[in-house]
Every structure is written in C-alpha cells, then in structure tokens.
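Residue-level structural notes
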Amino acid sequence: STSHEKTPLGLAFESIAGSRSDAVVVPPGYTAQVLVPWGTPLSEKASAWRDDLAMTAERQAQSVGMHHDGMHGFPLDEASASRRFVLALNNEYIDQQALWAPQGGPTNAEEGARPAEESRTEINAHGVTLVEVVKEGDGRWSHVPGSPYNRRFTSATEMELAGPVAGSAYVRTKFSPEGRLTRGTNNNCGNGFTPWGTYLACEENWPNIFVNTGERFADDARIGIPTQRGRYGWETSAGDPSEANDEFARFDITPRGADAREDYRNEARTYGYQVEIDPYDGSRRAVKRTALGRFRHEGCWLGKLEPGKPVVFYSGHDARNEYIYKFVSAAGWDPADANRPGAAYDRLAIGAKYLDEGTLYAARFDADGSGEWLPLTPLAKSRDGRPLHEALGLAADDQAGIIIHTCDAADLMGATPMDRPEWASVDPASGEVYITLTNNSKRTAAGSEATFTNGGGAIDEPGVGFATAPVNEANPRPDNGAGHILRWREVDDGARFAWEVFVFGAAAADADNRSGLTEANQFASPDGLWYDDRGDGQGILWIQTDNGYEGVAEHTNDQLLAVVPAALEGGVVTPETQQHLKRFAVGPSGCEVTGIFATPDKTALFINIQHPGNWPAAEDATTATQGKVRPRASTVVIQKQDGGPIAV
Ligand code: FEO
Ligand code: CA
Ligand code: CA
Ligand code: CA
C-alpha cells in the first residue's frame, strides 16, 4: 500500500467581523437570499403573506410553519439534484407575539381558556414543512406553490407508532385503544435523514405542551411534564362539540377515566421519538420509530455506512446532564436499499427494516479517553449488578418499558451526564463523530456522586434542569457557559469508542480560552453542526451557534463558522491551530443560526434563521431593516457571486 501527502482543503475566505445588526452578514463575493419564510403559502388556497396578515388555522395549515430548525433537501432526480428538490424543514416552536401581531398578541396566554381558533393556529404553526424549491435561470431560488410534494405535518397530524412501544399498554389512548396511532409531532428541533431517502424530524421540547395536574407517572417528572398549565394552554381550549375527538383535551394527561383507553393519560408517551417521513409520497403517514428511545431528541445522525454492517444513528438528549445515545440496527446495510430519487416505492417499509429492530445504547465517557456503549436492554447488567429490567421494576421482556423510561435506564447503566448534547455529524469516510455540547449551568467542580441524583427523581426545574453533576473529563468545565465540541471514533466493532475534545467555545477575553479563540472566531454555545464532505477524505465542519454567553454576545450575533479538521496539526483546535477556524456568516439580532446542508455540487449553502428579533426587511437577507418589521424565521440560501463552490 502507498500513502500520499494530501494538501489540506483551504478555506478561501477571510473570517468576517462580528455583527450585531438586523441583517445576515456574509463574506465579500457571496449573496444571501431569504427563501420560504414563515407564512409562505404552499398552495393557491392560502392567501399571500402580508405584514398585517391575520393568521388563521386554515391559512397556517397551508403555509410554511414557524421557527425553522433542522432541514434537508431530497432531490427528484440525480441530474437536477443541485437545482430542484423537496426541502424538508422542521418548524420547532412559535413566537406568539409575531404570530398574533395584528391582533396585539395572543388571548389568555398565561391563564384562562384559550380561544380554540388560536390554539388550532398555533398547533398548525408547529411540525414539519415539505416544499419543492427550484433554482431559476438567474441563480435565485423560489418555491413551487401547489407542488404535489408540498405538505405540512403539524402537532395534530395523525401518525403511526412503530417499534417496541407500538401496540403496548404504555400508549393505549381513547384515540387509539390499540396503541398504534397518535396525533401530532412537536418541537422538532435538529433533524436527520436516512440513506433510503426519508427525513427524520426529532421531537425535543415536546413535554411542555402537555400538563398533568394529578398523580404523576414515573417518567413524567424526569422528562418534565408541567403540573399547572401547558406551555401554550392548548388544553384549555374547547374542542368542536360535534366531534368527540378530544382535539384539545388530549394535551391534559391527568388520568380521568377508569382505564387508559378512556382518557389521555398515555398521550405524552406517544411523543419523544424520531419521526420518519417519506418526502416523496404524500399518501403516507409519518411514523414514530420508538426503538431509538424516548427523550428530548435533538436530532438523529447516520453513522458510517458500510455494506453488510448495521446502520447506526446517533442522538443526544438536550437537557442539562442528560446523555448521548446510539441506535444499531439488527439488519445489515443492503446498498440495494439506497434512495432512488423521485422513484415511487415503499421507503417506509425499508425504514421499518432498519429502525424498528435493533439495540439502543447510552454512552459512558471514561477519563482515559475511551468510552463504552451501554446497551439499554432488559437483561443488560446495570450499575448495581441487577438486570436492567429488574432495576427499573419491569418484566424481563419489557423493552417497551425500557424505551418509555429511556433516561432512567441510561442512569442505571452508568451513562455519563453531558453538557446538553445538541447536534452531531459524521465524517462519512473516517466514521468520526462530532457532537456539540452547548452549555451547562448545572455542573460544578466540587460536585460529587452524591450531588448527581438523576434516577432518584431530584429535579429542581422540571424539563430544563436536572440535578447538578460534577465535572468529568468529557465535560471538564464547571458552569460551562461557552460549550465545547467532542469527537469520537468507534473501536472494538462499535462496542467501545475513543474520544477527545475538538474545540472549546470561549470569548477571546476569557481566562479559560483553551482553544485560543480570538476576535476573528470567538464563539459560544455551539448547536447546529454539519460535516460537509468534500471528497478525498476531507471536509468542512460547519458550526452554528445559539448563544446566550455574554462575553461573545456583546461582540456578535449568532453565527456560522467553518473549520477543516484535516488542516489542523494534531487534528483539534488549539491556540496554535485556531486560525483555521473562521467566521463565515453572522445572523440578524435575536436569532439563532441553525439547520444546514448544501446542494450536492456545493454551490448553494442552506441555513435557517430562527427567532429573529426584527428581520427580514427584504428578500435579500443582507438588507438591514429600517424600522420595525414583523419577524419571520426563514431559510437563507448563501451562494457565491461567481457560481462556484462555497468556502473553497
Ligand atoms: Fe431545539 Fe436543543 O435545540
Ligand atoms: Ca432553537
Ligand atoms: Ca438546537
Ligand atoms: Ca440551543
């Protein structure tokens, strides 16, 4: 065998300055275009957007949802893949002030019964949008109103349950006494996509839309189901009395009937999953793949794909001191199952083959830079020596119970509490996995095992903050405000892994600035992440931020940075190699920069601007606002003026 020195890919742009403006800033020679902002009509049935448009449930159901997050493009054929595709994008949550601006705000947002039409509209603003987009001859992008691929999935859309939990007693409801169906997906944050051509929308902060005012299930408290009122009070709305469909009552999971089939005590147990969507087939329901665990899924990222080997997906639970997970399919990858863009066949049957049967693992990061994947299966030996099912008080064949109590199962196996795992991304050539750990206010240097009480139910801020954990080698900073990015490689055929810190976030002025960041690349709270494979074993790691860290936020809005890992001496960002980490774009004030992919030819980079404060002023994303506009989350397409590939 021969080895040859490769010239590392160079980033052919200068790091841009930080910005605190109401505009998207990109390097000289690049353009940024607003595409499919919230409220864009998907068909002729919905009225055109106006800044004073009063949104209705019907309009919202036929328009792009709110607060764009993870997204991916699905080509309709190979030849046009970089010019035309179905854009699948998550609509994570809503800005009630922007949604109800013409009416002066929402009705009864804090207390009292919400008007049904308002709740219905908000429910329809959540979920997933599918919309066909095309590149015009002039290089600008537009969406295709009325395309047969345009589609909305909302927090009310009927969906299937599949995998170990489907059909179990844990998910029987009045709506689905057999426990096979549910309605809606919610707080779909990061995303994923499969090699067989389906989209994965990941349910993150869904617990907040429910309320349980009665006796709590063991899993309610840990996952953070509110006890007074749901986040938007949807449960207070009166449904249509002519339909006994419990349209809103289902969000109140307080047990009321004699039996789970007479009420909605199990409704929240139909949430917390990875939701698979076939973007090519409008006749098929979305499917919740329960085998991949139930928690606040940030996203779902495909591991290295090899013929005959299991298909692997990684996912993090974004809450303080929660865990990183891996799902390993029982079936080996058959390249014949690879996506055939635009062709009509049953992709969800292929999804069932790889995503309904397999093993879920939680990660333990050891001090020596190694780690172990801990199986969450009934007979796995838990930390105290008992089989996991026994430690959880479950029957020996109850994999569904383990999935329902995924977080507790991971506690009992000894997984490592992390600094809020957000996005991951995999270098498809090496199989190396990167993951952002965004920040953690509940980690202390002096912590001890006694202060870490996950599994014991000690929760001081349900849903957002579990007990304080001590520092560990993979999460080494107490009160980690700036966050960091880890990298690992699978070893021992995937039973174990080897990890290292890739980069630490910091303000340039911080005393604790371990990667030596400067004004040109200081960042904090990394969230979105994408390994942009450019072939020949090289790629660009794109880092997006969701920053609440003062030392950086006073200098710049949230941003998009790029680094070529192969160009780094030693492979990680250090004070000596930090100049290879460059700021590529900055978002408008108030936003988070999230969601990312590029066309196959790498000439158009798609990102999302979520929860902007006062943007966009125009279709040109870089136009600064004069005065106040009704803010709209939007996709932004970044292209080079010369039409060449982005960043190189
Ligand atoms: Fe919705 Fe963890 O970000
Ligand atoms: Ca977000
Ligand atoms: Ca996120
Ligand atoms: Ca975040």
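As the structure is a computational prediction, the values presented were derived from the model and not from experiment.

Quick notes on the rules
Residues numbered from 1 in each chain as written. Chains lettered and ligands numbered in written order. Predicted model: local features only at pLDDT ≥ 70, side-chain atom pairs only at ≥ 80, totals over all residues. Helix = DSSP H or I, 4+ residues; strand = E, 2+ residues; numbered from the N terminus. Buried ≥ 20, exposed ≤ 12 C-beta atoms within 10 Å, placed from the backbone. Contact = placed C-beta atoms within 7 Å. Pairing = 2+ DSSP bridges. Axes fitted to C-alpha atoms, helices over the stretch in contact; angles between N-to-C directions. Core = buried A, V, L, I, M, F, W, Y, C linked by C-beta atoms within 7 Å. Arc of directions from axis to C-beta.

Details of the environment of Glu44
Positionally, Glu44 belongs in the loop between β1 (30-35) and α1 (57-61). Exposure remark for Glu44: the 10 C-beta atoms within 10 Å place this residue in the exposed category. Along the backbone, Glu44 and Gln228 are 184 residues apart, and their C-alpha atoms lie at a distance of 41 Å. Beyond its immediate sequence surroundings of up to four residues, Glu44 is in contact with Pro145 and Gly146.

Description of the sheet that holds strand β30 (residues 559-563)
With antiparallel pairing, four strands are arranged side by side in an open sheet as β28-β29-β30-β31. The strands lining the two open edges of the sheet, one partner per strand, are β28 (526-533) and β31 (582-586). Each adjacent strand pair in this sheet contributes to an overall mean axis angle of 25°, direction not counted. Examined bridge by bridge, β30 and β31 share four bridges and lie antiparallel to one another. Within β31, the residue paired with Gln559 across the bridge is Val586.

Looking at the nonpolar core
Among the nonpolar cores identified, the biggest contains 171 residues, and Ala88, Ala362, Val636 and Ile638 are the most heavily contacted of them. Each residue touching Val636, except ones within four places of it in the same chain, is listed here: Val24, Ala32, Gln33, Val34, Leu35, Ile607, Ile609 and Ala621.

Considering the sheet that holds strand β32 (residues 592-598)
Strands pair in a sheet through their backbones, by hydrogen bonds, and they do so in one of two ways: parallel or antiparallel. Read from one edge of the open sheet, four strands run β1-β34-β33-β32, paired in antiparallel fashion. The strands lining the two open edges of the sheet, one partner per strand, are β1 and β32. The average undirected angle you get between the axes of adjacent strands in this sheet is 25°. For β1 and strand β34 (residues 634-640), the ladder comprises six bridges, and the chain directions are antiparallel. Among the inter-strand pairings, Ala32 is bridged to a residue of β34, identified as Ile638.

Considerations on helix α8 (residues 406-413)
Helical geometry: 3.6 residues make up each α-helical turn, so side chains three or four residues apart lie on a common side. Of all eight residues in α8, eight are buried; the element is thus mostly enclosed. Of all the positions in α8, only Thr406, Cys407, Asp408, Ala409, Ala410, Asp411, Leu412 and Met413 are classed as buried. Elements that come into contact with the buried residues of α8 comprise α4 (218-223), β15 (320-322), β17 (358-365), β18 (370-375), α6 (388-391) and α7 (399-404). Positioned one or two residues after α8, Gly414 has a phi angle of 90°, which is positive.

Considering the environment of Arg151
Along the chain, the position of Arg151 falls in strand β6 (residues 151-153). The sequence separation of Arg151 and Leu130 amounts to 21 residues, and the corresponding C-alpha distance is 5.0 Å. In contact with Arg151, not counting residues within four places along its chain, are Leu130 and Gly282.

A closer look at helix α5 (residues 347-355)
The set of residues buried in α5 consists of Arg347, Leu348, Ile350, Gly351, Tyr354 and Leu355. Down the axis, α5 shows its buried residues gathered within 150° of arc, on one side only. Structurally, α5 contributes buried residues whose contacts are with β11 (274-277), β12 (287-289), β14 (310-316) and β16 (324-332).

Some points on unusual backbone geometry
That bond from Trp615 to Pro616 is cis: its omega, 0°, falls within 30 degrees of zero. Its location among the elements puts Pro616 in the loop between β33 (604-610) and β34. Phi is positive for Ser525, close to 55°, though the residue is something other than glycine. One non-glycine residue, His611, lies in the positive phi region at around 35°. For His611, the location among the structural elements is in the loop between β33 and β34. Taking the number of C-beta atoms within 10 Å as the measure of exposure, His611 has 21 and is therefore buried.

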